[in-house]
Amino acid sequence: MNWDNVRFFLAIARAGTLRTAARQLRVDQATASRRLAALEEGLGARLFLRTPSHYVLTSAGEALVEPAETIERSVAQMERRVMGLDEQLTGSVRVATTDSLGKRFVLPAIARMRAEHPSIDVACLISQDVANLTRRDADIAVRTVRPDAPDLILRRLATLKTGIYASRAYLLTRGTPTFGDGFIGHDLVAYQQPVTPITTCAFCGEPNGSGKVVFRTSSSVTLVEAAVAGIGVAELPCYRADTEQELVRIMPGRSSDFDVWLVVHADLHKTSRIQALICKLVYEFDSTAG
């Protein structure tokens, strides 16, 4: 059995569509379809029912998922262990983070690392989703969710603050919210889903149930830009919002803390190029997070 074809099978099973799987694997749909067809031919079984909108696993497909994931874990483990023995400051590193942390902290760290070690190239994966380091979705993750997997090494990079912000134009036309009024009469902008450990019914502990959420986004950068554009009041990371001249922090007594974690798989932790980037990430957070 060709492992590469199994990899395509797992991607399609997880994505549910050929188009999404192909995009994740960075190939065209024809390649993904051809790989799946080769696997089905080799096994002599149909693995998916093709519907107009989704690929649905057949009984044979369902039976293949568990052994395919076992193979995936074994291949990833081999890659990690071999890579973990690499002492050369050359090659590729994949780092996963969010758009906001990437812009402020991760990209400057990459620039510093590349200035010292130009033979190391970096792929930066930007998403609010948590990258699976065991499957080698990435080599390093910088994220606000603390992992609990035993095969991961983690380090708290910083404890950052969020505050409540609105644009000068918004405050001029709508007035300033006051403590305890639940943001009554005010428009709010918020995350599509929580990406930091904050409650969904409050901004920095201030209840927001009387306000109207008029804009949602999964992007931290877009959330800041929405507040700058005057769409509404938002809870924002202070390291980002304080750099925007148009934004005003309101209710300064209200704030929330969130931790930023550096995560790396134990098998890769001592790899030279991984350590080179970790060193710069730690420096960047130490020097600018305060």
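Refer to the preceding data block for the structure.
All figures in this text were calculated on a predicted structure; none of them were measured in a lab. (Residues numbered from 1 in each chain as written. Predicted model: local features only at pLDDT ≥ 70, side-chain atom pairs only at ≥ 80, totals over all residues. Heavy atoms only, no water.)

**Here we look at the overall build of the chain**
The number of helices and strands found in the chain is nine helices and 13 strands. Here the C-alpha coordinates of the chain stretch approximately 70 × 50 × 30 Å along the principal axes. Put simply, 75% of the contacts in the chain that link residues at least 6 apart link residues at least 24 apart. For the chain, the accessible area works out to roughly 14500 Å², and carbon and sulfur atoms hold 51% of it. One finds the centroid of the 34 positive side-chain charges in the chain at a distance of 1 Å from the centroid of its 32 negative side-chain charges. (Helix = DSSP H or I, 4+ residues; strand = E, 2+ residues; numbered from the N terminus. Contact = heavy atoms within 4.5 Å. Areas by Shrake-Rupley, 256 points an atom, 1.4 Å probe, with all protein chains shown as cover. Lys, Arg positive; Asp, Glu negative; His and termini not counted. Charge placed at Lys NZ, Arg CZ, Asp CG, Glu CD.)

**Considering the packing of aromatic side chains**
Aromatic ring pairs are reported here in terms of the distance separating the ring centres and the angle at which the planes meet. For the structure shown, the criterion picks out five aromatic pairs. Measuring from centroid to centroid gives 4.2 Å for F105 and F285, while their planes differ by 15°, and the two rings are stacked. Note that F105 is positioned in helix α5 (residues 99-116) and F285 in helix α9 (residues 272-288), a separation of 180 residues in sequence. Here the aromatic residues F9, F48 and Y55 are joined through ring pairs into a cluster of three or more. Over the face of the ring belonging to W261 we find R146, whose NZ or CZ atom lies 5.0 Å from the ring centre. (Phe/Tyr/Trp six-rings, centres within 6.5 Å; stacked < 30°, edge-to-face > 60°. Lys NZ or Arg CZ within 6 Å of the ring centre and 35° of its normal.)

**Looking at the pattern of salt bridges**
In total, this model carries twelve salt bridges according to the counting rule given. Note that R94 is salt-bridged to D139, the shortest N-O span being 3.9 Å. Within this pair, whereas R94 is found in strand β3 (residues 91-97), its partner D139 is found in the loop between β4 (120-126) and β5 (140-143), the two being separated by 45 residues in sequence. On the basis of relative accessible area, R94 is assigned to the partly exposed category, the value being 28%. Ionic pairing is found between R240 and E244, a salt bridge with its closest N-O pair at 2.8 Å. Residue R240 shares its accessibility class with E244, and that shared class is buried. (Salt bridge = Lys/Arg side-chain N within 4 Å of Asp/Glu carboxyl O. Buried < 20%, exposed > 50% of the residue type's maximum accessible area, 1.4 Å probe, protein only.)

**Re α5**
If you check α5, its first and last C-alpha atoms are 24 Å apart, about what 18 residues at 1.5 Å a residue would give, namely 26 Å. Roughly 40° is the biggest bend found in α5, and it falls at V106, with proline P108 one to four residues downstream. Regarding α5, the residues found buried are D99, S100, L101, G102, F105, V106, A109, I110 and M113. (Expected span 1.5 Å × (residues − 1). Bend = angle between axes of the 7 residues up to and from the residue.)

**Digging into the side chain of T98**
Summarising the element assignment, T98 is placed in the loop between β3 and α5. Reaching out from T98, the side chain makes a polar contact with the backbone nitrogen of L101 at a distance of 3.3 Å. In contact with T98, not counting residues within four places along its chain, are I126, S127, Q128 and V142. (Polar contact = N/O pair within 3.5 Å; in protein donor to acceptor, adjacent residues only side chain to side chain.)

**A few points about the packing of helix α1 (residues 3-15) against helix α3 (residues 29-43)**
Running from N to C, α1 and α3 point in directions that differ by 115°, and their axes come no closer than 9 Å. One element, α1, and the other, α3, form an angle in the roughly perpendicular class. In the crossing of α1 with α3, the sense of the turn from one axis to the other is left-handed. Here D4, N5, V6, F8, F9 and I12 of α1 lie close against α3, whose contacting residues are T31, A32, R35, L36, A38 and L39. For the contact of α1 with α3, a count of residues per class yields eight nonpolar, two polar and two charged. (Axes fitted to C-alpha atoms, helices over the stretch in contact; angles between N-to-C directions. Parallel < 35°, antiparallel > 145°, perpendicular 65-115°, else oblique. Left-handed = near helix turned anticlockwise from the far one by under 90°. Nonpolar A, V, L, I, M, F, W, Y, C, P; charged D, E, K, R; others polar.)

By themselves, these are just geometric observations and shouldn't be taken as functional.
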